[in-house]
Amino acid sequence: MFAVFRSARKGLRVLTLPLLALTLAACDTLPVTNSGVASGDPVQVALLVPSGTGDGATESIARSLENAARLAMRDLNGVTIDLRVYPTAADASLAAANAEKAVNEGAQIIIGPVYAAPSNAAGRAVAGKGVSVLSFSNNAAIAGGNLFVLGQTFRNTADRMASYAVSQGKQRFVVVAGKDAAGAQGKNAIQQAVTAQGASVVGTVEYALSQQDVIAAIPAIRAAVTDNGADALFLTTDTATALPLLSQLLPEAGVSSEVTQFMGLTRWDIPAQTLSLPGVQNGWFAIPDQGATSAFSGQYQAAYGAAPHPIGGLAFDAIAAIGALASQGQGDTLTAAALTQGAGFRGASGIFRLNPDGTNTRGLAVATISEAQVKILSPAPQRFGGAGF
């Protein structure tokens, strides 16, 4: 893995923050029918968090998720949530056991856990009991059946970026991906998204996860771009790994962002020092609705005296969706059919909806960096059916 990046070959130490998942209402919500929650009755919700590991960072995530969930509960149009918190210690077997325990104790829906393996185990444990699990993972590979992932997926980002790029005349893409699970998933998501837009992936270059291998891949990337007349270079990497190195070395090797648009599957604006890197200037990337994100962060800060963890907003989103559905007072309120209504919901980072395949779609803006400042090129949509959809 990449330990450090300071300049092209020495490394700048940077951290990547996960993308965040504020209105507590469904977005022009479609009606549902035949209730799993009687009007006026509390909705019993189980929150599975990774507490119990003894690790300070993990405990901080758990606290932020619970805080965000309780923040969302303050304004649910008269809906009362009976929130019960269960630790998983980030362990699959404990997650499964506590998911079953929660349902036996009356949980009508489960939100969490965070990580893919515990989430998958929890979903399987209650699959035959008619209870949906809204995981905080972004791993689309575990989604399906009664298990939904709330984290922003690669395909969601790739779809938004490919749609915008094609709208700007880009048609021939080269994909650059790391040789790991995230790189493979990212590469596949880009391929599917570009093809869906009627454009072409004309080349793919993969690299092993070391600085030496990234440097060694530069000639192959240059050849893929020049030999195929690529007008867009789509990178799966993030600011904590190869992005600083690639974004510096490629222009030095003659791959100009003025001719071939650099674009990314991850956020290029986090942490703040990334904004000053010469290679990321004028690159394209997706970010959540900044107005919604700022509103959520401000409310969280006012309530708890600290900023939320980057994935804390996902717990807010889960409660927002549950509250919006339950407020309708009738319908198969928490079934998959209700949860996947096309109108979606509003949450901590803007609009989102759950898809029948267990993944999600989030309304994203397309941004760039100019003179070390983030600028919005295409704003986040405010309803499904708008820009980017």
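As the structure is a computational prediction, the values presented were derived from the model and not from experiment.

Undergrad: Got a minute to help me understand the sheet that holds strand β12 (residues 350-354) in this structure?
TA: Where strands meet in a sheet, backbone hydrogen bonds hold them as pairs that are either parallel or antiparallel. The strand order across the open sheet built from three strands is β11-β12-β13, with neighbouring strands paired in antiparallel fashion. The strands lining the two open edges of the sheet, one partner per strand, are β11 (345-347) and β13 (360-362). Sheet twist, expressed as the mean angle between neighbouring strand axes with direction ignored, is 35°. Direction of pairing for β11 relative to β12: antiparallel, over a ladder of three bridges. The residue of β12 that forms the bridge with arginine 346 is isoleucine 351.

Undergrad: Would you take a moment to explain the pairing of strand β9 (residues 261-264) for this structure?
TA: Successive side chains on a regular strand alternate, one facing one side of the sheet and the next facing the other. The alternating pattern of β9 places Gln261 and Met263 on one face and Phe262 and Gly264 on the opposite face, and all of these are buried. Note: strand β8 (residues 232-235) against β9, four bridges, orientation parallel. Looking at β9, one finds that leucine 233 is bridged to phenylalanine 262.

Undergrad: How should the packing of aromatic side chains be read in this particular structure?
TA: Each aromatic ring pair is described using two quantities: the centre-to-centre distance and the angle formed by the ring planes. A full pass over the atoms with the stated rule returns six aromatic pairs. For the ring pair phenylalanine 296 and phenylalanine 316, a centre distance of 5.2 Å and an interplane angle of 65° mean the geometry is edge-to-face. Here phenylalanine 296 is found in helix α8 (residues 290-304), whereas its partner phenylalanine 316 is found in helix α9 (residues 312-326), with 20 residues between them in sequence. For phenylalanine 296, a relative accessible area of 0% puts it in the buried group. The class of phenylalanine 316 is buried, set by a relative accessible area of 2%. Among the aromatic residues, those joined into a cluster by ring pairs are Phe296, Tyr300, Tyr304 and Phe316. Sitting over the face of the ring of phenylalanine 352, arginine 362 holds its NZ or CZ atom 5.0 Å from the ring centroid.

Undergrad: Hey, could you run me through the layout of surface pockets in this one?
TA: Empty space among the atoms becomes visible once a probe the size of a water molecule is rolled across them. Each pocket or cavity is described by its volume, and for the second largest pocket that value is around 440 Å³. Along the walls of the second largest pocket sit 24 residues, with Thr153, Phe154, Arg155, Asn156 and Asp159 positioned nearest its centre. At the level of elements, α4 (154-167), α5 (181-196) and β13 are the ones that each hand at least two residues to the lining of the second largest pocket. With six residues, α4 is the largest single contributor of residues to the lining of the second largest pocket. Classifying every residue of the lining of the second largest pocket by side-chain character gives five nonpolar, 13 polar and six charged.

Undergrad: What exactly am I supposed to notice about the pattern of salt bridges here?
TA: If charged atoms from side chains of opposite charge come close, those side chains can pair. Summed over all chains, the structure comprises seven salt bridges. For aspartate 159, the salt bridge goes to arginine 155, with nearest N and O atoms at 2.7 Å. Of this pair, aspartate 159 and arginine 155 both sit in helix α4, four residues apart, which is roughly one turn of the helix. Here arginine 155 falls in the partly exposed class, since its relative accessible area comes to 32%. Put simply, arginine 267 and aspartate 269 hold a salt bridge, and the shortest N to O gap is 2.8 Å. Here arginine 267 falls in the buried class, since its relative accessible area comes to 11%. A relative accessible area of 12% means that aspartate 269 is categorised as buried.

Calculation criteria
- Residues numbered from 1 in each chain as written.
- Predicted model: local features only at pLDDT ≥ 70, side-chain atom pairs only at ≥ 80, totals over all residues.
- Heavy atoms only, no water.
- Pairing = 2+ DSSP bridges.
- Helix = DSSP H or I, 4+ residues; strand = E, 2+ residues; numbered from the N terminus.
- Axes fitted to C-alpha atoms, helices over the stretch in contact; angles between N-to-C directions.
- Buried < 20%, exposed > 50% of the residue type's maximum accessible area, 1.4 Å probe, protein only.
- Phe/Tyr/Trp six-rings, centres within 6.5 Å; stacked < 30°, edge-to-face > 60°.
- Lys NZ or Arg CZ within 6 Å of the ring centre and 35° of its normal.
- 1 Å grid on protein atoms, 1.4 Å probe; cavity = no way out; pocket = protein on both sides within 12 Å on 5 of 7 lines; lining within 4 Å.
- Points joined across faces, edges and corners; volume = space filled by probe spheres on them.
- Nonpolar A, V, L, I, M, F, W, Y, C, P; charged D, E, K, R; others polar.
- Salt bridge = Lys/Arg side-chain N within 4 Å of Asp/Glu carboxyl O.

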